[in-house]
Amino acid sequence: MSAVAVEGVWKYYGDYPALRDIQLEAAEGACLALIGRNGAGKTTLLRTIAGFSSAQRGKIKIFGREPREAEARRRMGFIGHGISVYDELSALENLTLFGKLYGLPDPKKSANEWLERTGLERVRNGLVREFSRGMRQRLAVARAFLHEPTVLLLDEPFTALDDRAIAVLQRLLREGLAARKTIVMSTHQLREALELATHVALLNRGQLAFHGARTQEMVDDPGYVYARYGEGA
Amino acid sequence: MKYFRQIATVAVKDVRAELRTKEAINASLAFALMILLLFSYTFDPEQEMMRQVSGGLLWIVFAFAGTLTLNRSFARELPNDCLDALIAAPIPGSALFLGKCFASFVLVLAVELVSLPVFGIFYRVHWTPQFPALFGVLLLGTWALTIIGTIFSALTVNIKLREVMLPMLTYPILMPALMSAMRLTTSLVNGQPIPEDDFAWLKMLIGFDLVFTAVSLALVETVLVG
Amino acid sequence: MLAALFDSSVWTALAAAAIAAIASILFLRSRNFLYDSLALAVSEIGLVLLAAGIVAGAIAGRLAGGFWWTWDARLTTALVGVLLYAPYLMLRRAIEEPTRRAASAAVVSIFALFDIPLIAVAVNWWLARRTVSLPLSTGWTILPVALLGAALASIRFRQEQQRRAQDAERRTAQEI
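Rules and cut-offs
Residues numbered from 1 in each chain as written. Chains lettered and ligands numbered in written order. Predicted model: local features only at pLDDT ≥ 70, side-chain atom pairs only at ≥ 80, totals over all residues. Heavy atoms only, no water. Helix = DSSP H or I, 4+ residues; strand = E, 2+ residues; numbered from the N terminus. Expected span 1.5 Å × (residues − 1). Buried < 20%, exposed > 50% of the residue type's maximum accessible area, 1.4 Å probe, protein only. Contact = heavy atoms within 4.5 Å. Salt bridge = Lys/Arg side-chain N within 4 Å of Asp/Glu carboxyl O. Axes fitted to C-alpha atoms, helices over the stretch in contact; angles between N-to-C directions. Parallel < 35°, antiparallel > 145°, perpendicular 65-115°, else oblique. Left-handed = near helix turned anticlockwise from the far one by under 90°. Nonpolar A, V, L, I, M, F, W, Y, C, P; charged D, E, K, R; others polar. Polar contact = N/O pair within 3.5 Å; in protein donor to acceptor, adjacent residues only side chain to side chain. Pairing = 2+ DSSP bridges. Right-handed = clockwise from strand over helix to strand, strands pointing away. pLDDT = per-residue confidence, 0-100. Buried area = accessible area lost by both parts, 1.4 Å probe. Core = buried A, V, L, I, M, F, W, Y, C linked by side-chain atoms within 4.5 Å.

Trainee: Got a minute to help me understand helix α6 (residues 163–178) of chain A in this structure?
Mentor: Count 3.6 residues to each turn of an α-helix, and residues three or four apart come out pointing the same way. Residue and element names in this part refer to chain A. For α6, spanning 16 residues, the distance from its first C-alpha to its last is 22 Å, which sits close to the expected 22 Å at 1.5 Å a residue. Looking only at α6, the buried set comprises A165, I166, V168, L169, Q170, L172, L173, G176 and L177. In this structure, the buried side of α6 is in contact with β3 (31–36), α4 (107–117), α5 (133–145), β6 (151–155), β7 (182–186) and α7 (190–196). Remark: R180 follows α6 within two positions and exhibits a positive phi of approximately 65°.

Trainee: Sorry, what's going on with the environment of L169 of chain A here?
Mentor: All names here are of chain A. Take L169: it is sitting in helix α6. A relative accessible area of 0% means that L169 is categorised as buried. Residues L169 and V141, spaced 28 residues apart in sequence, show a C-alpha to C-alpha distance of 7.0 Å. Beyond its immediate chain neighbours, meaning those up to four positions away, L169 contacts V141, F145, P157, F158 and L161.

Trainee: Looking at this model, I keep getting lost on the pattern of salt bridges. Mind explaining?
Mentor: In a structure, side chains of opposite charge can pair up when their charged atoms sit close to one another. Within this structure, the stated rule accounts for 30 salt bridges over all chains. In this structure, the salt-bridge partner of R171 of chain A is E175 of chain A, at a minimum N-O distance of 3.9 Å. Separated by 4 residues within a single helix, R171 of chain A and E175 of chain A lie in helix α6, roughly one turn from each other. With a relative accessible area of 35%, R171 of chain A lands in the partly exposed category. With a shortest N-O distance of 3.2 Å, R72 of chain B and E23 of chain B are connected by a salt bridge. Of the two residues, R72 of chain B is situated in helix α3 (residues 48–75) and E23 of chain B in helix α2 (residues 23–42); the sequence distance between them amounts to 49 residues. Judged by relative accessible area, which is 46%, E23 of chain B ranks as partly exposed.

Trainee: Help me understand the packing of α3 of chain B against helix α6 (residues 131–155) of chain B, please; the structure alone is not making it clear to me.
Mentor: The description of two helices packed together rests on the angle between their axes and the distance between the axes. Residues and elements named next belong to chain B. Relative to each other, α3 and α6 sit at 40°, their axes nearing to 9 Å. Of the possible angle classes, the one that applies to α3 and α6 is oblique. Crossing of α3 against α6: the hand is right-handed. Between α3, through W59, F62, A63, G66, L70, N71, S73, F74 and A75, and α6, the contact on the second element is made entirely by V137, L138, G141, T142, L145, T146, G149, T150, S153 and A154. Partitioning the contact of α3 with α6 into residue classes produces 10 nonpolar, 9 polar and no charged.

Trainee: Mind showing me how you'd approach the side chain of N190 of chain B here?
Mentor: All names here are of chain B. Mapped onto the fold, N190 is located in the loop between α7 (162–189) and α8 (199–225). A polar side-chain atom of N190 sits 2.8 Å from the main-chain carbonyl oxygen of T186. Sequence-distant contacts of N190, defined by excluding residues within four places in its chain, comprise R51, S54, V125 and H126.

Trainee: What exactly am I supposed to notice about the pairing of β6 of chain A here?
Mentor: The two faces of the sheet receive side chains in turn, since in a regular strand these alternate between them. All names here are of chain A. Of all the 5 residues making up β6, 5 are buried; the element is thus mostly covered by neighbouring parts of the structure. Bridge count between β6 and β7: 5 bridges; the pairing is parallel. If you follow V151 over to β7, its bridge partner there is T182. The parallel pair β6 and β7, bridged by α6, forms a crossover whose chirality is right-handed.

Trainee: Just to check I follow, could you spell out the confidence of the model for chain C for this structure?
Mentor: Close reading of the predicted structure is inappropriate where its pLDDT is low. Residue and element names in this part refer to chain C. The share of residues in chain C with pLDDT of 70 or more is 94%, and the mean pLDDT across the chain is 87. When pLDDT is averaged over each element of chain C, helix α3 (residues 73–94) comes out on top at 92 and helix α5 (residues 142–175) at the bottom at 85. Here the predicted complex scores 0.91 on pTM and 0.92 on ipTM.

Trainee: Explain the sheet that holds strand β9 (residues 207–213) of chain A to me, please; I cannot follow it from the model alone.
Mentor: By way of backbone hydrogen bonds, the strands of a sheet pair with one another, either parallel or antiparallel. Residue and element names in this part refer to chain A. The strand order β5-β6-β7-β3-β8-β9 describes an open sheet built from 6 strands, whose pairing is mixed. In the strand order of this sheet, the two ends are held by β5 (76–79) and β9, each with one partner. Between one strand axis and the next, the sheet turns through 15° on average, direction left out of account. Contacts from helix α1 (residues 42–50) reach β3, β5, β6, β7 and β8 (199–204), with the element oriented near 150° to β6.

Trainee: Whenever I open this one, the sheet that holds strand β2 (residues 16–26) of chain A confuses me. Can you help?
Mentor: Residue and element names in this part refer to chain A. One open sheet holds the 3 strands; their spatial order is β2-β1-β4, and the pairing between them is antiparallel. Only two strands of the sheet have a single partner each, and these edge strands are β2 and β4 (57–62). Going from strand to strand, the sheet's axes swing by 20° on average, the running direction of each strand aside. For strand β1 (residues 4–13) and β4, the ladder comprises 5 bridges, and the chain directions are antiparallel. Along β4, the bridge assignment pairs V4 with I62.

Trainee: Explain the interface of chain C and chain B to me, please; I cannot follow it from the model alone.
Mentor: When the parts of a complex come together, some accessible area is lost, and that lost area is often used as the size of the interface. Chain C puts 31 residues into the contact, and the matching count from chain B is 33 residues. Taken over both partners, the interface formed by chain C and chain B buries close to 2,900 Å², and the fraction arising from carbon and sulfur atoms is 79%. Of all residues in chain C, the largest losses of buried area upon contact with chain B belong to R100, F111 and W126 of chain C, amounting jointly to 23% of the total for that side. On the surface where chain C and chain B come into contact, there are 0 salt bridges. Here chain C is connected to chain B by 1 residue pair in polar contact (both at pLDDT 80 or more).

Trainee: Would you take a moment to explain the interface of chain A and chain C for this structure?
Mentor: Counting residues at the interface gives 8 residues for chain A, matched by 8 residues for chain C. In total, chain A and chain C occlude about 760 Å² of area from one another, counting both sides; carbon and sulfur atoms represent 53% of this. Of all residues in chain A, the largest losses of buried area upon contact with chain C belong to G14, D15 and Y16 of chain A, amounting jointly to 57% of the total for that side. One can count 0 residue pairs in polar contact (both at pLDDT 80 or more) joining chain A with chain C. When grouped by side-chain class, the residues that make up the side of chain A that touches chain C number 3 nonpolar, 2 polar and 3 charged.

Trainee: Hey, could you run me through the nonpolar core in this one?
Mentor: Nonpolar side chains tend toward joint burial in soluble globular proteins. Formed by 194 residues in total, the largest nonpolar core has its most connected members in L173 of chain A, F152 of chain B together with F111 of chain C. The element best represented in this core is helix α4 (residues 98–128) of chain C, accounting for 15 residues. Not counting chain neighbours up to four residues away, the residues in contact with L173 of chain A comprise F145, L152, L154, F158, I183, M185 and L196 of chain A. I35, Y224, V225 and Y226 of chain A belong to the second-largest nonpolar core, a separate cluster that totals 10 residues.

Below, the structure written as structure tokens:
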């Protein structure tokens, strides 16, 4: 059973197909880089996999379960465009809150652990609205990893991160892959993503133009996939 | 039970966040006091008519001021995309919804309990004799306001003109509950017990609460995920 | 005659509300936009007929008793009905994305239907002093009014389906 299976998925906005017959899989321990131009449907696909909206046709399976099932939700960690933490709560309060919602046995302890792992232990009681951009991003990462998800869905995670946050995220992703976590990551930052990726999928106007293993050519020339399989290829 | 703990987690989070910023509660309270003040220009507290309209006036104040708080209920999840994280968490949509309902309920009730003595002072109304019954009606009426306000707050969270659409949707649906609450409150707030005839209104109010709590819970997943 | 027209429009509007709510439930179950178009068409026409009926009822009241608005229980209930469904149409206009729009509108339609009996009873108690008398006549005028409603609704329905098809074509064309 694959970790993430997208089977013949069509997603419409009204009568307009934003995703057309998407067929892809990510095995356990794989890191899939989802690339494509703006508007190609990367965010739509990720959000549909995560269960934020439903596909009109086709199925999505997370370890064999529907995305909205509690067990699937427990296994997924999502980082979207927003940081998804509350400005008016402290870093510790935020993580403890999500720890409780995810049913962790000791939310406060897990929260403190992850504050340390993302280098935020000194500001644990500071309100998020006073954090710098990089600190907010690191807290977002902590929130996504807090409940030890086995599937990570990341929407352009490297965009707008400062160097420290990038380093933290890359370290955590590498550790995750070593621990057989599955990652599906949409990205514009081809270099950082392709370094980590085991597989690549190219979306073009809602359709899958390429889906396969990452090759050395791709790492050497990040524009390779676009040139070979993208529009005007 | 896990379910109730989940509801409590969401409710506590909302109340804590609101108490930190006090945005909704300050606006709500200021608005309530302002309406009470404005209406005092129209009504002479000496007049008998005042007694007749007191229930109506009070619930107009509660409903309008309450909407300010209810609007924030899901709107507070928009900055930073927090709503995504809440929907992604493995809690039932109904737990998220009820948590927010309870939080709003507490906040709106707080504003009401502050407005009541002010009302009593401005309009020289003796509301203490029947306070237990009055409090009961407050609870029932506020729950009606909260349940409808919260489900529509979730419905309208992402649309333009949210601040306009929420009251437009909420008040017409709320009418039977508001009418019941107004009728019951008029007697109680003047220190009179509910007359025999008016017990039907109490049933209407309770019925409204039950029906729409059920309908909201039945439709909550659709509203949250679409 | 005018009063009878008013009563007929109320019956038609009630039928419209029920059909809209059922169509809404069917939409939520099947996600077939046919039901959404149906709910929209029926709600719009129902609302228009109800509003026209209220005007007829008000005129009837004026001719009979001299006042434009008599706070008659039936007339007032009908007015609340208009206030209940006008936001439904406003909401549809406020949401761009078709699936979200249809789903949200469906929820409102269902809430509104559950509210109608409560409103009817509440207004009756309020105005007619707790004698739940809602004698709406069922004269011959019901048939023409209902048929008019059905005809207008089917025209509106077809119009909505066409608009939807055009939208889809337009968006597909934009890609190319």
